[in-house]
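# Geometric and topological summary
Here is what each chain is made of, one letter per residue.
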Amino acid sequence: LNNGRRKEEEEEEEEESTSLEQVTPGERLVLPFISTILHYLDASIQHRGGASPKLLNLQFVVLSRISRFVSDPKQSVLLIGLLLSYLLHPGKKYKQHEMDILQTIQHLIPAAEELTSFFRPLSQLFLSVSERSSRNILCNIFMKIALKVPIWLPFADILSKTNSWDKDRLDEPDYTARLAGYSEARQLLRIGQWEVVHQVPILYNAIFFLLNSDDMSIRDAAAGYLSELMACVKQDNQEAFQTLVLNIVVNGVKLGVRSKLETARLEFVGILSELVRTYPTHPKFSDMAASLSCKDPEVDFFENVRHIQLHRRTRSLRRLAEACSAGSLSLPSILTFLLPLAAQVIFGVQSNAEQNLVAEAIGVVGAAARQMRWPQYSFLLRHYMRQLPKKQLNHKVFIKTVVAILDAFHFDLSLATPPGHPADSVGAGKDMEVEPEKGVEPDKVVEPEKGVESDKVVEPEKGVDPAEQEPEGTSVGTSEVILMDTEKEDEQLEEEEEEGEGKEAARLSPEEQKRLTAQHIHDSIVRTVLPRLQAVLTKQSELPGHKLSKMQHVEEAEMLRVPVAIAMTKLLMSLPESTLHTHLPNLLMKVCHSLKNRSRDVRDVARETLVKMATILGSRYLQYVIKEMKELLTRGYQLHVLAFSLHSLLKGVSPVLKEGDLDSCMQLISMIVKEDLFGLPAEEREIGELVAKIPESKTPRSLNTYEIAAQFLSPHLLPDLLSVSKQVLEEKQNARVARVVEEVFRRVGQGIMRNSLFTAPALLVFVHGLVRESIPLLASNTGVTTTLVQSSALPQRSNIYLIPPAPARGGHKPVSRGNMAAHIVTEFALHLFQMNLKHNKFDSSSEQHLGMLDPFVSLLSQSLSSQDIKVTSRAALCLVWVVRMPLPSLVTQIGSIATSLFDILRRYARAGAAVVGNNRELVVAAFKAMTVVVRDFPQYEVEEEELRHLLTFVEEDIMDYRRHSTAFPLLKAILGRKLIVKELYEVMQKVAQLSITSDSDGVRSQCRQAVLQFLLDYPLGKKLQTYLELYIKNLGYEEQSGRESVIEFLVIVFKKFPEKVLNRDASFFFVPLVSQLVNDESSSCRQMIAEAIKTLLPKVDTVRRSEIVSLIQLWFGHDKLLHKRLAAQSLGLLVEMEGKAFEKRLSTFLPSLLTCLDLYRGEEDGEGVIVEEGEGAGPTHHLDHLLFYSLLTLEKVASHCTLIKCPAHTEVMNRLWGRVHGLLLHPHTWVRLSASRLIGVLFASYGMEEVVEAMCGKVGGVRSRKERGVVTEYILQESRTKVGDLCHVFCVHLNAAELQAELASQALKNLVFLARVLHRSQPKGIFPENVGHGDSAVQSVGGTSDEENGEEEEVVISTTTAVAKGGKPRDLLWLIQKMCRIATLEAGNHPKEPLKRLCVLKWIAAVSQDLGSEDIAPYLVHLLRPVHRELTDANKTAGEELHLLAQEVVEMMKEVCGKEIFSKAYAVVHQSVAATRERRRKAQAHQAVVDPVMSILRKRKKNQLKVVSKKRKILVQHRQARRWQKV
């Protein structure tokens, strides 16, 4: 230190002498008057507002020029104190003078004597000063202080190092010096050679870099210093703890959690976690230590809130909201740390993927607001309300936040007295007459929750932000303060009122204090909050410019303003009811007025807002909302908007409605929907141009409105609802009106089905009355119609000589068949009856229900004879359900019902009949009813003639693809009754054929079920073999769907048929199936055949299975490759079925598998092109498949049997493993994958320790086996060479041109195992010579000494060493470099394909975890290179998944090796990459001079690629725009 001090003094003296020699002539002139000038400048600068900005700037410049000539100590001290006050000013007013002020202070420091009072202010500048030159001057100031106060020298040196910059690269930090500086700071903390004042500047400096640095290694180093400081500063050391931790670190955390940079925010969350864990008993952190901190990282809030995975961050915020709601967190902790953290999530939302996270953050804000007192609550509410008119982006998020805050309104205002005069309220309107709900008092509000202090008059501290109170000694403001109030007038007014009320409350009783508090909150809301919301809602845009652009801006502003009404409604609901009635009318009128806007977007927003308001208000105010809409929307397009908005309103509030809530609104709803469906809007919808201009008129939503109205209607009002449409139908008897009325009745029926007030007895009475009244009316009308037609057909004249009258134009007019309303009403009643039957509204075990249902049988029987097809169809559909019930009338009426159904089928179900329309519906209904009669009514005896007719219908329908739905249920009903006629067998033959040849999956499935039921239930005898032969012959059907159907049927047969039958015909089934297994081209069919064989084999007895095994063995001995492949596949299926019992056949089939693998003779080091599926139709195609299935079978054998370590099969297995090793580089990817899986099975069978012992040749391992004459297993022979070869082979797999994900995953697993083996085979403390690649700092930190290995077991290195090409040993370093090379090649050649890099990063994570903190340091630089590349890719070219994985790997490596070692290694990698890039830039610049032609060609090619990329992006944007336009 002394030597350094002398050197600094000498340099200072040289600088002073040089500076005196370089004095300018102007400076020489003013030297005698320096004292006078300083007195003037001192007085002028002290009076800050007296000089203009230009004059003040000139004064600072002059002071910086003459300050080096100052020698008066007192004057220097005064000037330094004055100038520091400018620098510490919280605003940016004097930011431009920062350089001059610091230079002046630097010149004045040598002359000053008493510097102790300046240490703290100068230290604070390390947090506020951000310019590079200014920070350099600040470091020089501390160096000058160190010359005067020697104890400061090491700390000044640390400050200089941590702010140093690289001399060789522009704007590049000197990572080595900075990391060394932080390391020295941590070392000084550990040895305890420091005082509090010495750590203050270093601490501020570290907080600055945590807030602003974008380099990971620097942030980690700074965070490591803070962690070391907190570990050294104990809570009982009052001075250090108060100054360093509470005044600096805690305030730094306050700034950090408010930072806009996510990296800084997460770092300070980690520091807050350290604070909570280090000082769990301190009052400031005890609540967070008990509620949020946990030793389990899966539960700890601080670990999860900064986790990479989005769902864990979401879960942490949910836990924070629960802790806030439970009251386990103190209010200062919430306001200071946790609420700003949640607020940054709300402000910083960027994508739709973060919506769940934002929702939880809003929940945190609401839970925190529930714990606040009125000043903090009011402040928070006003803050977010101010964001509503400003933030167009994420405007809905701010609306939700304001609503959440209003939901948390927990103050009791029941004692507040609303203002008596309408003039006192904003937007006073007409009073509302609303009937109170039953059992609810009109003025009653929710009582406040326990623990909320709402019974005292709150007196906020003056001049202090209630959401944040900074401790003394901090005046920094580098980050945006989230909760900053900008409107001071309202705050001053509230403070004056609260001060007066507080003085008055001291003389009042507790009840009076509560009343005064409630009145104060009520008045504050009415005078401050509501006017501000009202101003936002009614604010008009004042933008100059073109009319169209201004109109667009006005629409956007309107869309932002309208949702503010939601917040106002939420707030009004918390106030007394009289205040709500005063303010709500005008609020509803303004929102409804926005529905008249010509812009569709504005109307959509207003409609959505109105729905939410109505939901908040409840059903009591729904009548008033609808009335307000009807009064404002009265003409033109507004009528369409009115009907559409009414439907949206009812649909939106339906979740909160109960049955009977719409009774008061029914008259208004009926008037609106009647006008929309039958009035002028209905006529306008037929005009295409109007429909195109008014989106609300495209589809009439009034039909849906009818459905919702019926759902929440009381039963006694149903006739009134139907009478409107019935009256219109009687007045306007035309087809269009009839269709509309039919649809109205159908929707009303659907609504009634969901109405719980309509009980079963009431519905039965209602339906029976409608049908009973309508059927006679239909009959009489029919007779009248017939008479009219006959009378009109009589001849008018008998004299042939008279000239007949001229025929009328248009011919005879069609005569009406009677009352149209009667048909529609009857159909509606039957439809309602059918829907209730279908949804089991009537209990078949209830005597009351059965007694009321019995009269319907005769009515339905009469309805089957109706002339109206729709009525007949509904009656048939009702019979489908009625026949299933035990009704007495069915016994007598079933004959006539069946006769009527047969008549309908004869008339309408003939060949060539209509397949669409009403006739089709009638036929389907008749078929369903007939099916139910045959199946569920056993008392009805089907005659043979009738059965033949039914089979004829079935046969016709199954051949017509449009009528399948009715044929199969009837056929199954016949089969279920086991009815037999001769024609049935012919029909079933056609059904069996159709189960194969049909194009429809559903038809094939239905046919298979029918055939299976027929085969199992009917006595067939020898005919059974005919059906089975039909399916066996069609195993090779030309269409894949047919083959799949055959296989599915055979699988069902194998499961359902008796084992005796299957055992008898085992060969009959097995041989064709196995043959098709080889010959079928479809992979799905082959898989299905394999499943079928595995289903068959367990049903076969031992004798038949032995025959099958002999057959497989015979196929293995055949010369043709197809037969061998057939044997290999069959053997694999047999192994899966027998499992461990297959071990008795190993000696028979292992040599056969070895013979198959011996057929391949490939190059040992071949790295040829991988052949995909379907390629290679030459002679090697069958050999590839044989090898693949042989390996697959061997894998099954190894998995199901004890084979790998069995001494009896060691010799054969060694030969097999050798063949498998040779097939790892086979050109076909299937073979490679199977061989890799087998090697993985081999690795799983042997522990790593066994392989390591074999590689190291330890005593008791391989040598002892050789001495005993026991054959050594394959992996234990020459293990080091084989491990190196396998590493090389699996790296070749990963580096393949066309890599598949499955092969990459298997290669990754194998490489992880091999890396662990190489790690454990490396003697401890001995590393390769070139490890670290020049990273001496990292090596020295992570290396191990030889003394640590003294107690280890003696290790004998094998004489056979695995050496790679080029003479490099195949050790762990070689494997790491090879894997990094694979990632580098993919990043350069295929930057958008991340598969290989994903595998490499996962492998790096596994290897790092295995190396541990002791051994990872020598390899850390190499492991970090691929990770660093992905972290520094700002564009995320390879996708988000790879970037997130790189972040996870980095965090894991930090935990393994520690932040200090990681920071050094990361800095080395960063500098190396920067040097490489710089070298490449220089090479390109050099080439541009040496070979300009090549340089021009490269630039031209680059520009062409840019043009192509730009065109592609424009095309994608146009496609997206067109897609959105269609939407």
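Note that the coordinates shown come from a computational prediction; the quantities given were computed from them, not determined experimentally. Numbers given for residues are sequential positions, taken from 1 along each chain in its written order. Whole-chain, interface and lining totals are the exception, using all residues; otherwise, since this is a predicted model, local features are given only for residues with pLDDT of at least 70 and side-chain atom pairs are given and counted only at 80 or more. Values reported for side chains reflect all heavy atoms of the structure, with hydrogen atoms and water molecules removed beforehand.

Secondary structure elements follow DSSP: runs of H or I no shorter than four residues count as helices, runs of E no shorter than two count as strands, and numbering proceeds from the N terminus. The secondary structure content of the protein chain amounts to 68 helices and zero strands. In this scheme, a residue with accessible area under 20% of its type's maximum is buried, one over 50% is exposed, and one in between is partly exposed, where area comes from a 1.4 Å probe on protein chains only. Burial status across the protein chain gives 51% buried among its 1527 residues. Surface accessibility follows the Shrake-Rupley procedure with a 1.4 Å probe radius. Residue values consider only the protein chains on display as shielding. Carbon and sulfur atoms provide 52% of the accessible area of the protein chain, an area that totals close to 74200 Å².

The next thing to look at is the packing of helix α6 (residues 98–108) against helix α8 (residues 132–148). The geometry of α6 relative to α8 is characterised by a closest axis approach of 9 Å and an angle of 15° between their N-to-C directions. When the interaxial angle is binned, α6 and α8 end up roughly parallel. In terms of crossing hand, the pair formed by α6 and α8 is left-handed. Across the interface between the two elements, Glu98, Met99, Leu102, Gln103, Ile105 and Gln106 of α6 pack against Ser133, Ser134, Ile137, Leu138, Asn140, Ile141 and Lys144 of α8. Axis definition: a line fitted to C-alpha atoms, over the contacting stretch in the case of helices. Angles run 0 to 180 degrees between N-to-C directions. Working definition: roughly parallel below 35 degrees, roughly antiparallel above 145 degrees, roughly perpendicular at 65 to 115 degrees, and oblique for all remaining angles. Each crossing gets its handedness from the near helix: less than a right angle anticlockwise from the far helix is left-handed, clockwise is right-handed. Every residue pair with non-hydrogen atoms within 4.5 Å of one another is taken to be in contact.

Ring geometry is summarised as follows: Phe, Tyr and Trp rings, the Trp one being its six-membered ring, pair when their centres sit within 6.5 Å, and such pairs are stacked at plane angles under 30 degrees, edge-to-face over 60 and tilted between the two. According to the stated counting rule, one finds 28 aromatic pairs in the structure shown. Centroid distance Tyr377 to Phe411: 5.4 Å. Interplanar angle 75°. Geometry classified as edge-to-face. Of the two residues, Tyr377 sits in helix α20 (residues 374–387) while Phe411 sits in the loop between α21 (395–407) and α22 (488–505), which places them 34 residues apart along the sequence. Judged by relative accessible area, which is 4%, Phe411 ranks as buried.

Next up on the list: helix α48 (residues 1040–1056). Take the number of residues in a helix, subtract one, and multiply by 1.5 Å to get its expected span. Here α48 is 17 residues long and its end C-alpha atoms lie 24 Å apart, about the 24 Å a rise of 1.5 Å per residue gives. Buried within α48 are the following residues: Gly1042, Arg1043, Ser1045, Val1046, Ile1047, Phe1049, Leu1050, Val1051, Val1053 and Phe1054. On its buried face, α48 sits against α45 (982–997), α46 (1001–1017), α47 (1023–1033), α49 (1059–1064), α50 (1066–1079) and α51 (1083–1096).

To continue, consider the side chain of Glu684. Mapped onto the secondary structure, Glu684 falls in helix α31 (residues 680–684). Despite its burial, Glu684 remains without a salt bridge, the nearest opposite charge being carried by Arg685 at 7.7 Å. N or O atoms within 3.5 Å of each other form a polar contact, as long as, within protein, one can give a hydrogen and the other can take it, and as long as residues adjacent in sequence are counted only when both atoms are side-chain atoms. One polar contact links Glu684 to His640, side chain to side chain, over a distance of 2.8 Å. Residues within four places of Glu684 in sequence aside, it is in contact with His640, Leu690 and Val691. Note on charges: Lys and Arg go in the positive column, Asp and Glu in the negative column, and His and the chain ends are not counted at all. Here, a salt bridge means any Lys or Arg side-chain nitrogen found within 4 Å of an Asp or Glu carboxyl oxygen.

On to unusual backbone geometry. Backbone geometry at Asn840 places phi at a positive 55°, although glycine is not the residue there. The phi dihedral of Glu1278 falls on the positive side, at around 50°, and the residue is not glycine. Note that Glu1278 resides in the loop between α59 (1262–1268) and α60 (1279–1294).

So, about the nonpolar core. Counting residues in hydrophobic clusters, the biggest one holds 457 residues, and the most contacted among them are Phe833 and Trp1403. Excluding anything up to four places from it in sequence, Trp1403 contacts Leu1308, Leu1311, Val1312, Ala1315, Leu1375, Ile1376 and Met1379. In this text, buried Ala, Val, Leu, Ile, Met, Phe, Trp, Tyr and Cys residues form a nonpolar core when linked through side-chain atoms within 4.5 Å.

Quick look at helix α33 (residues 702–711) now. Side chains of residues three or four places apart in an α-helix project in the same direction, reflecting 3.6 residues per turn. Within α33, nine of the ten residues are buried, which leaves the element mostly enclosed by the surrounding structure. All buried positions along α33 are accounted for by Ser702, Leu703, Thr705, Tyr706, Glu707, Ile708, Ala709, Ala710 and Gln711. Contacts made by the buried residues of α33 are with α29 (637–653), α30 (666–678), α34 (718–731) and α35 (735–753).

The full count for this structure, using the stated rule, is 45 salt bridges. Across the salt bridge formed by Asp220 and Lys1454, the nearest N and O atoms sit 3.0 Å from each other. Here the residue Asp220 occupies a position in helix α12 (residues 216–232), and Lys1454 occupies one in helix α66 (residues 1440–1457), the gap between them amounting to 1234 residues. Measuring nitrogen to oxygen at the nearest pair gives 3.1 Å for the salt bridge that ties Glu512 to Arg515. Of the two residues, Glu512 and Arg515 both sit in helix α23 (residues 510–538), three residues apart, roughly one turn of that helix.

Our focus in this paragraph is the confidence of the model for the protein chain. On a scale of 0 to 100, pLDDT captures the predictor's confidence in every residue. In the predicted model, the protein chain carries a mean pLDDT of 77, and the fraction of residues at 70 or more is 77%. Low pLDDT (under 50) marks residues 433–498, which in the prediction has 110 contacts with non-local residues, meaning those over four places away or in another chain. Per-residue pLDDT stays below 50 along residues 1163–1178; that stretch engages in 25 contacts with residues further than four places along the chain or on separate chains.

Axis separation between helix α26 (residues 577–594) and helix α28 (residues 622–632) bottoms out at 10 Å; the angle between their running directions is 50°. Comparing their axes, α28 and α26 come out oblique. Here α26 and α28 pass one another in a crossing that is right-handed. Here Pro585, Leu588, Met589, Cys592 and His593 of α26 lie close against α28, whose contacting residues are Tyr624, Val625, Glu628, Met629 and Leu632. Of the residues assigned to the contact of α26 with α28, the class counts are eight nonpolar, one polar and one charged. Ten residues, namely Ala, Val, Leu, Ile, Met, Phe, Trp, Tyr, Cys and Pro, are considered nonpolar, four, namely Asp, Glu, Lys and Arg, are considered charged, and the remaining ones, Gly among them, are considered polar.

A few words now on the environment of Leu533. With respect to the helices, strands and loops of the structure, Leu533 is situated in helix α23. Assessed through its relative accessible area of 1%, Leu533 is described here as buried. Taking the C-alpha atoms as reference points, Leu533 and Arg561, separated by 28 residues in sequence, lie 9.3 Å from one another. Sequence-distant contacts of Leu533, defined by excluding residues within four places in its chain, comprise Met385, Val564, Ala567, Met568 and Leu571.

Patch criteria: residues need more than 30% relative accessible area and no salt bridge. Like-charged residues are merged within 9 Å; nonpolar side chains of Val, Leu, Ile, Met, Phe, Trp and Tyr are merged within 5 Å. A surface patch of nonpolar side chains, about 270 Å² in accessible area, is lined by Val1493, Met1494 and Leu1497. Relative to the elements of secondary structure, Met1494 occurs in helix α68 (residues 1492–1526). The partly exposed category is assigned to Met1494, whose relative accessible area is 38%.

Now for the environment of Ile616. Assignment of secondary structure puts Ile616 in helix α27 (residues 600–617). Each C-alpha atom, one on Ile616 and one on Thr569, is 7.2 Å from the other, the two residues being 47 residues apart in sequence. Those residues in contact with Ile616, other than ones at most four positions away along the chain, are Ile566, Thr569, Lys570 and Met573.

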